[in-house]
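Here is what each chain is made of, one letter per residue.
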Amino acid sequence: MANRAFGLLTVIYIVLALFAGRLWWLQVVQYDQYATRSQGNYLKTEAVLAPRGRIFDRNGKLIAANRLAVDLMYKGGQVLYLDRILSLLKLSALPEAKDEPVSVMTNVPLALVPTLAELTSGQENIYLVERLERTYPRPISGPVLGYVLLANQRQVDKGYDPTEQVGVAGIERALEADLRGVRGVQIVEVNAKRERIRQLTLREPVPGRDVYLTLDYDLQKAAERALEEGLQDVNRGRARFGLPSETEAKGAIVAVDPATGEVLAMASAPSFDPTLFAKRPRPQAEIAKVMTDKNLRLLNRAVQPYTPGSTFKLVSSSLFLEKAYLGADTVFRCAPYIYYGGRLFKNWASYDMGNMTVREAIAQSCNTWYYQAAQTDPRKMVDELAARARELGIGRPTGLEVSEQQGFLPTVAWKRATYDQPWYPGESLSIAIGQGAVQVTPVELARMLATITMSGRQPEFHLVKKIGNRETTPKTTLVPGEYWKVLQEGMRKTVTWGTAKFRLGDFPVPTAGKTGTAETPGKRLGYEHAWYMGYGPTDPGDPRPPLVVVVFFENGGGGFDVALPAAKKVMSAYWKVGEYAPKPTPPAPGQ
């Protein structure tokens, strides 16, 4: 009997030992596995989106920001309190949901959010979603600022959240790495009814870096307005040639500080409102109109290449002087035309304008003066023109943070490789006045003018003044040359005696500049590209800050008639003269 009892106790002890061992194995050895599995029933991990960095102008005016938006989503199936939800939203029914959740309401009014949160709490089929939406309190030229879109599948595969907004063009794209923040992570505890009980932040989201641009918002808007108002001058020219009028101007304005390379204004027309792409629901009809517009309103014309016309004569003048093709006082007659190689080469004026040095040739933009100068050695000269243009900043990057195209400078080797033809001397005459195959961008022209203005100190252009706490350091390089003053004198004479005198001769700030009217292949008179580039103050003792401005109107007509008035408006806004002069403060009542 005792043996049987002892045996039974032994079996019981063995079973208890096995049970205890199993408990030890489960609770100690495999604790992490089963604890995680257990908690997974009521814990879930969520990403917390980081705000995109804000964009300010140089004076702290807010251009781009973010706002918290709330959407109501429906994934199909039964919904509790449906009548109350529909009544609250003034809807008759929920939208049909098939494979993916659909939006019941985008941008739910903040006043309705608490009530909807209570009605949808614990429901799996209908729920509120928070997201961050890009806003533009002070939008500037869309092609320059750019826009954002929700991350596409390729970007999601690279680590973006599907609800994250990504810079697609312009400044928004160029500074994506800085503007984009780092997502946070939180664990949310929910009960069986899917109600949120509490949440624990594992990693705080890190907002993107704030960016301060070099742009001056007020000057930027003045430049944009000058482009819009230039349409009247364009259509005045159209009427003079019996051509149909335009509905909007196409062009660009670039204004920079020549000493630092800071871009103070960059406007492109036609433009678009970047808010169109950021807001929800998306206005598809308006976006489609922007994307398919025949005037290419997404294009930043400030960084696109065009035929420069007479503005390129500054390159030719510099080459002629620096390579000793002629001297500062060499005289050619500004005849109405010349013959060369059996071809007739005309000046813009049909009358004899007399003898001129390079200064007067710049001021009056005399084509035949440059034709005669280019005859010295036309085959050799084209390659030297290309090399000098590159030194002055044409045909290579300007330093801008945004994507830019480069101008084009033809050479003997290029023509041989492209057309299997030799370079003909008469082609050099056309290149010398900025016609033919040569092309420049408005920003390149601005950099060239800044280099001449600063007597060879060439600034690297930039649109960013500060990212976070990191300041942009201005950079300059020295371009070789001895005749900067002669070029400056010629452009000053443009205003005091030449093609710009009528519009800028009495301007309260002493300036200098160069007009340009570029013929466009296949286009009749009235469709030329209109250019003006100017700078000031030219008086070394003038206390006002320096400015370089380049104005371009695509197929706008004459530079004097169209581009020059727009440049004058930008200068007036910058130096606060004329219509932009400060208004006197009226006396207080009783004084």
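Predicted model, so just to flag it, every value in this text is computed and none were measured. Numbers given for residues are sequential positions, taken from 1 along each chain in its written order. With pLDDT at 70 or above as the cut-off, local features in this predicted model cover only qualifying residues; side-chain atom pairs require 80 or more to be listed or tallied, and sums for whole chains, interfaces and linings still use all residues. Side-chain figures throughout are based on the complete set of non-hydrogen atoms in the structure, without hydrogens or water.

Trainee: Would you mind going over the packing of aromatic side chains with me for this structure?
Mentor: For any pair of aromatic rings, the description consists of the separation of the ring centres together with the inter-plane angle of the planes. For Phe, Tyr and Trp, where Trp contributes only its six-membered ring, two rings pair if their centres lie within 6.5 Å, and the inter-plane angle classes them as stacked under 30 degrees, edge-to-face over 60, or tilted in between. Using the criterion set out here, one finds 17 aromatic pairs in the structure. Where Phe-320 meets Tyr-370, the ring centres are 6.3 Å apart and the plane angle is 35 degrees; that geometry is what we call tilted. Here the residue Phe-320 occupies a position in helix α12 (residues 313-322), and Tyr-370 occupies one in helix α14 (residues 367-374), the gap between them amounting to 50 residues. Exposed residues in this analysis have more than 50% of their type's maximum accessible area, buried residues have under 20%, and partly exposed residues fall in between, with area computed by a 1.4 Å probe over protein chains only. Look at Phe-320 and you get buried, because its relative accessible area is 0%. Strands here mean DSSP runs of E at least two residues long; helices mean DSSP runs of H or I at least four residues long; both are numbered from the N terminus.

Trainee: How do you make sense of the nonpolar core when you look at a structure like this?
Mentor: Nonpolar side chains in soluble globular proteins tend to be buried together. Residue types Ala, Val, Leu, Ile, Met, Phe, Trp, Tyr and Cys, when buried and joined through side-chain atoms within 4.5 Å, form a set referred to as a nonpolar core. Judged by nonpolar contacts, the single largest core of 90 residues is most densely connected at Phe-312, Phe-320, Trp-369, Leu-400, Met-448 and Met-491. In terms of residue count, helix α18 (residues 442-453) provides more of this core than any other element does, seven residues in total. Residue contacts for Phe-320: discarding those within four places in its chain leaves Tyr-325, Leu-326, Trp-369, Tyr-370, Ala-373, Ala-374 and Met-381. Whether two residues touch is decided by their heavy atoms; if any such pair falls within 4.5 Å, the residues are in contact.

Trainee: Would you take a moment to explain the pattern of salt bridges for this structure?
Mentor: Close approach of charged atoms allows side chains with opposite charge to pair. A pair is scored as a salt bridge if a Lys or Arg side-chain nitrogen falls within 4 Å of a carboxyl oxygen belonging to Asp or Glu. For the structure shown, the criterion picks out 31 salt bridges. Between Asp-210 and Arg-54 there is a salt bridge whose closest N-O contact spans 2.7 Å. Of this pair, Asp-210 sits in the loop between β9 (196-203) and β10 (211-213) while Arg-54 sits in the loop between β1 (43-48) and β2 (55-56); the two residues are 156 residues apart in sequence, bridging distant segments of the chain. Since its relative accessible area comes to 22%, Asp-210 is described here as partly exposed.

Trainee: When you look at the sheet that holds strand β22 (residues 529-536) in this model, what are you seeing that I'm missing?
Mentor: The strands that make up a sheet are held in pairs by hydrogen bonds between backbone atoms, and each pair lies either parallel or antiparallel. Only strands that DSSP links by at least two bridges are regarded as paired with each other. Ordered in space as β12-β11-β23-β22-β21, the five strands form an open sheet in which the pairing is antiparallel. Each having just a single partner strand, β12 (263-269) and β21 (512-518) make up the two edges of the open sheet. With direction set aside, neighbouring strand axes in the sheet form an average angle of 5 degrees. Summarising the sheet, β22 and strand β23 (residues 547-553) pair through seven bridges and their orientation is antiparallel. Within β23, the residue paired with Gly-536 across the bridge is Leu-547. For helices, the axis comes from a line fit to the C-alpha atoms of the stretch in contact; other axes are also lines fit to C-alpha atoms, and the angle between any two N-to-C directions lies between 0 and 180 degrees.

Trainee: What am I meant to see in the state of the cysteines here?
Mentor: Working definition: the covalent bond between the sulfur atoms of two cysteines is a disulfide. Cysteine sulfurs are considered disulfide-paired once they come within 2.5 Å of each other. If you walk through the whole model with that rule in mind, you get one disulfide. With its sulfur 2.1 Å from that of its partner, Cys-334 forms a disulfide with Cys-366. Judged by the sign of its S-S torsion, about 115 degrees, the bond between Cys-334 and Cys-366 is right-handed. Note that Cys-334 is positioned in the loop between β13 (332-333) and β14 (337-340) and Cys-366 in the loop between α13 (358-364) and α14, a separation of 32 residues in sequence. Take Cys-334 and Cys-366: they sit in the same class, and that class is buried.

Trainee: Where do I start with the packing of helix α9 (residues 217-240) against helix α21 (residues 559-575) in this structure?
Mentor: Any two packed helices are characterised by the angle at which their axes cross and by the distance between the axes. The geometry of α9 relative to α21 is characterised by a closest axis approach of 8 Å and an angle of 160 degrees between their N-to-C directions. One element, α9, and the other, α21, form an angle in the roughly antiparallel class. As α9 packs across α21, the resulting crossing turns out to be right-handed. Residue-level contacts link Leu-219, Ala-222, Ala-223, Ala-226, Glu-229, Gly-230, Asp-233, Val-234 and Arg-240 of α9 to Asp-561, Val-562, Pro-565, Ala-566, Lys-569, Val-570, Ala-573 and Tyr-574 of α21. In this scheme, roughly parallel covers angles under 35 degrees and roughly antiparallel covers those over 145, while 65 to 115 is roughly perpendicular and the rest are oblique. Left-handed describes a crossing whose near helix is turned anticlockwise from the far helix by less than a right angle; the clockwise case is right-handed.

Trainee: Hey, could you run me through α21 in this one?
Mentor: Three- or four-residue spacings in an α-helix give side chains the same orientation, since the helix completes a turn every 3.6 residues. Taking 1.5 Å per residue, 17 residues should reach 24 Å; α21 reaches 22 Å between its end C-alpha atoms and fits that length. For α21, a buried count of 13 out of 17 residues is recorded, marking the element as mostly surrounded by other parts of the structure. Lys-576, located one to two residues past α21, shows a positive phi value of around 55 degrees. Each residue after the first adds 1.5 Å to the expected span of a helix.

Everything listed is a geometric property; what it means functionally is a separate question.
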